[in-house]
Structure formats: C-alpha cells, structure tokens
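# Structural overview
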Amino acid sequence: MKQDIHPEYHTINVVMTDGTTFETRSTWGSEGDTLNLEIDPKSHPAWTGGTRQIMEGGRVARFNKRFGGLKLNK
C-alpha cells in the first residue's frame, strides 16, 4: 500500500434524529468528532413508508388537477 495517499480512518460519533448515538469508523471529520444527521432511516419517507409525496403527485397529477374538469366537445 502506498504511503500518504489514503484518507485518515478514525472513530467518530453519529447522532441520529431521535437522539440515539453510536460510534463508528469513518474518513469524515477528525478523531472524536460528532456527526449530527438531519435525515436517517427512522425519519426518511423512503424507509418509513411515507407516501405523502407520491400522493401529491408530479406533473401529470398537477395537470389533471388543473384541467381534469375540461371536456372536449366532438
């Protein structure tokens, strides 16, 4: 392994959004730093089963909401 080309790998503390903490090794920060997460598996909709954004829809849903009542006379 080449010397002086790899990042320092050290122990840090991670604080989840609910306040729980754990210790892990990382190249982030420096030895003993604390990483406070803003989003984690306990709060992110992808892991919590949240469908709020999906229900609000995207462009097609907005189009249908805006113009859904229009009917074409043929």
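Structural notes, computed from the coordinates. A quick note: this is a predicted structure, and the numbers were derived from the prediction, not measured.

### A few points about the overall build of the protein
For the protein, the helix and strand inventory stands at three helices and three strands. Across the protein, helices and strands are ordered from the amino to the carboxyl terminus as β-β-β-α-α-α. Classification of the 74 residues of the protein by burial places 11% in the buried group.

### Observations regarding the environment of Glu-23
Position of Glu-23 among the secondary structure elements: in strand β2 (residues 21-26). For Glu-23, a relative accessible area of 59% puts it in the exposed group. When near neighbours in sequence (up to four residues on either side) are disregarded, Glu-23 contacts Thr-11, Ile-12 and Asn-13.

### A closer look at unusual backbone geometry
Within the chain, Asp-4 stands out as a residue other than glycine whose phi angle is a positive 65 degrees. Positionally, Asp-4 belongs in the segment before β1 (10-15). Residue Asp-4 is classed as exposed on the basis of its relative accessible area, which comes to 78%.

### Some remarks on the pairing of β2
Remark: a regular strand shows side chains that alternate across the two faces of the sheet. With six bridges joining them, β1 and β2 adopt antiparallel strand pairing. Paired with His-10 across the bridge in β2 is Ser-26. Count of turn residues in the β1/β2 antiparallel hairpin: five residues, of which Gly-19 carries a positive phi of about 100 degrees.

Cut-offs and rules
Residues numbered from 1 in each chain as written. Predicted model: local features only at pLDDT ≥ 70, side-chain atom pairs only at ≥ 80, totals over all residues. Heavy atoms only, no water. Helix = DSSP H or I, 4+ residues; strand = E, 2+ residues; numbered from the N terminus. Buried < 20%, exposed > 50% of the residue type's maximum accessible area, 1.4 Å probe, protein only. Contact = heavy atoms within 4.5 Å. Pairing = 2+ DSSP bridges.

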